[in-house]
2 protein chains.
Amino acid sequence: MRVLGFESSAKSASVAVCDENGLVSQYFQNSGLTHSRTLLPMAEDMLKNLSLTINDIDLIAVAHGPGSFTGIRIGVSAVKGLAWAAEKPVCGVSTLQAMAYNGTVFPEGSLICCVMDAKRSQFYNTLFEIKDGIPVRLCEDRAIGAAKLVEEIENHKKSVFIVGDGASMCYNALENLKANAVLVPEPLRYQSAWGVCMAALKEKQQSVHELLPVYLRLSQAERERQERVFGR
Amino acid sequence: MRVLGFESSAKSASVAVCDENGLVSQYFQNSGLTHSRTLLPMAEDMLKNLSLTINDIDLIAVAHGPGSFTGIRIGVSAVKGLAWAAEKPVCGVSTLQAMAYNGTVFPEGSLICCVMDAKRSQFYNTLFEIKDGIPVRLCEDRAIGAAKLVEEIENHKKSVFIVGDGASMCYNALENLKANAVLVPEPLRYQSAWGVCMAALKEKQQSVHELLPVYLRLSQAERERQERVFGR
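Attention in this report is confined to the structure presented alongside it. Position numbers for residues start from 1 in each chain and track the written sequence from start to end. To read the labels, note that chains go from A and ligands from 1, taken in the order they are written. Reporting in this predicted model follows two pLDDT cut-offs: at least 70 for local features of residues, and 80 or more for side-chain atom pairs to be given and counted; totals over whole chains, interfaces and linings ignore these cut-offs and use all residues. As a rule here, side-chain values cover all heavy atoms of the structure and leave hydrogens and water aside.

Our focus in this paragraph is the packing of helix 1 (residues 35-49) of chain A against helix 2 (residues 69-86) of chain A. All names here are of chain A. Each axis is a line fitted through C-alpha atoms, taken for helices only over the stretch in contact, and angles between the N-to-C directions span 0 to 180 degrees. Helix and strand labels come from DSSP, where a helix needs a run of H or I of at least four residues and a strand needs a run of E of at least two; each type is numbered from the N terminus. Where helix 1 contacts helix 2, the axes come no closer than 10 Å and their chain directions differ by 35°. Considering how the two elements wind past one another, helix 1 and helix 2 form a crossing that is right-handed. Only Gly-71, Ile-74, Gly-75 and Ala-78 of helix 2 make contact with helix 1, whose side of the interface consists of His-35, Ser-36, Leu-39 and Leu-40. Note that Gly is not counted as nonpolar here; it falls among the polar residues with everything else outside the nonpolar set of Ala, Val, Leu, Ile, Met, Phe, Trp, Tyr, Cys and Pro and the charged set of Asp, Glu, Lys and Arg. Partitioning the contact of helix 1 with helix 2 into residue classes produces 4 nonpolar, 4 polar and no charged. In this scheme the crossing of two helices becomes right-handed for a clockwise turn of the near helix relative to the far one and left-handed for an anticlockwise turn of less than a right angle. Any two residues whose heavy atoms approach within 4.5 Å at even a single point are treated as in contact.

The subject of this paragraph is the pattern of salt bridges. Salt bridge, as used here, is a side-chain nitrogen of Lys or Arg placed within 4 Å of a carboxyl oxygen of Asp or Glu. Following the criterion strictly, the structure yields 6 salt bridges over all chains and no others. Salt-bridge contacts for A:Arg137 lead to A:Asp141; the nearest nitrogen and oxygen are separated by 2.8 Å. Throughout this description, buried means an accessible area under 20% of the type-specific maximum (1.4 Å probe, protein chains only), exposed means over 50%, and partly exposed covers the range between. Using a relative accessible area of 27% as the deciding quantity, one classes A:Arg137 as partly exposed. B:Glu152 is the salt-bridge partner of B:Arg142, the closest N and O atoms lying 2.9 Å from each other. Here B:Arg142 is found in strand 9 (residues 142-145), whereas its partner B:Glu152 is found in helix 4 (residues 146-156), with 10 residues between them in sequence. Taking the relative accessible area as the measure of exposure, B:Arg142 reaches 19% and is therefore buried. According to the relative accessible area criterion, B:Glu152 is partly exposed, its value standing at 23%.

It is worth spelling out the relation of the copies chain B and chain A at this point. The fit set for superposing copies consists of C-alpha atoms from residues with pLDDT of at least 70 in both; the fit itself is least squares. If you rotate chain B by 180° and push it 0.0 Å along the axis, it lands on chain A with an RMSD of 0.0 Å. Viewed as a symmetry operation, the transformation between the two copies matches a two-fold axis. In terms of proximity to the rotation axis, the leading residue of chain B is B:Tyr27, whose C-alpha is 2.1 Å off the axis.

Below, the discussion takes up the sheet that holds strand 4 (residues 59-65) of chain B. Strand pairing follows a simple DSSP-based rule, namely that at least 2 bridges must link the two strands. Spatially, the 10 strands line up as an open sheet ordered 5(A)-4(A)-1(A)-2(A)-3(A)-3(B)-2(B)-1(B)-4(B)-5(B), and their pairing is mixed. If you trace the sheet from one side to the other, it starts and ends with strand 5 (90-94) of chain A together with strand 5 (90-94) of chain B, each paired once. In this sheet, neighbouring strand axes are inclined to one another by 20° on average, regardless of whether the strands run parallel or antiparallel. Bridge analysis of strand 1 (residues 3-7) of chain B against strand 2 (residues 13-19) of chain B gives 5 bridges, and the strand direction is antiparallel. For B:Val3, the partnering residue across the bridge sits in strand 2 of chain B and is B:Cys18.

All right, on to the interface of chain B and chain A then. Taken together, the contacts link 32 residues of chain B with 32 residues of chain A. Here's the idea: put two parts together, see how much 1.4 Å probe accessible area each one loses, and the total over both is what we call buried area. Interface area, chain B with chain A, both sides summed: about 2700 Å², of which 54% is carbon and sulfur. The interface formed by chain B and chain A contains 0 salt bridges. The definition of a polar contact used here is a pair of N or O atoms within 3.5 Å, where within protein one atom must be able to donate a hydrogen and the other to accept one, and adjacent residues in sequence count solely through side-chain atom pairs. Along the contact surface separating chain B from chain A lie 18 residue pairs in polar contact (both at pLDDT 80 or more). Mapped onto the side of chain B that touches chain A, the elements with two or more residues apiece are strand 3 (22-29) and helix 1 (35-49) of chain B. Of the residues belonging to the side of chain B that touches chain A, the class tally is 17 nonpolar, 11 polar and 4 charged.

Here it is as structure tokens:
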């Protein structure tokens, strides 16, 4: 089983190929260039350098959200187009679930706090615990206020490892738990296509038409329309 | 300061760009394809995808060894050629020193054991301890027998994090310390160009002509000649 994974849910972007032996190749960038310009060329260059074509891929995986609306749309759309043309199954995985694999470096029982900057004083977040080397989910993906998240992880009273593009912001907001908290360094901090592949290997395959973005919140345009039309 | 780093000391190969803000891009592969076929195209594709040229790079860094003789020759030769043509300074860093940056994810005071498979029942190895978030060297780079290394790290009686392409072999050889030892998972286990860039940022720049491979041992051809000619 050879998986091609895409991750473009925030500022960084990455593509990876994994097979039953683990990571074959990963191409990551955090340059600020737009994903619509960088993502597909990265995948194309990577396959070519591996002497592979899209026909050698068994499954195409993508982080379907939450995350930047534009980033998720680019990733999901690119994968839909590619998989439709190449007639391959796909798998959309939670950005936060994929990110939790970055935490499998930590000791058994550790808490992994996955945080993305959701703007408007919120994080996209979920919590995992490492059991038998695998991240086990403790709550659903959610948009949560910064203060509420800090209170919740301080209540856990465990060593907590913070990953994701909101990690530094979350770490700085902790007041009473700094001694037990680890701000994961680059290159393991950010969401990665390696994690997307690892998560996809445990999920159900989908047809191209089943793959949809998962935003968790209304977009700015939808919010503003609701406020204008319904006054809320 | 923008650094372009190359790592090709064993089976995996990688290239990375780092600047004063950290990792800009890393392109890693562990496919078994020869580095002479993959390494320079990876660098070329990566720079193009970042909208950079070699003229935008301030320093070219490379893992100068120890490691596979062929791998090191390919990396060092590619960097010498590139830096000579582009008139850039270079920096050769120890493969083991660069690998230690993978360990900066671990808690203060942890022991980082960097191990590469040197064949003939030996490891290329060095030990580091994390102090103020930085890996501090505890011994020189060396080729060491597997049994001797196991004895030495068991004597440390500390949590030990094992990185490098010899990590799994070293972990399996530990008998009394397994409970305190962590076999670092992919994608942080193997030597990486990110680590090469991070190490180079703390080292003295060199001219192209000063850059030389560091093998630590005689090559097979040299050993066999000595045995033939001098009977030893």
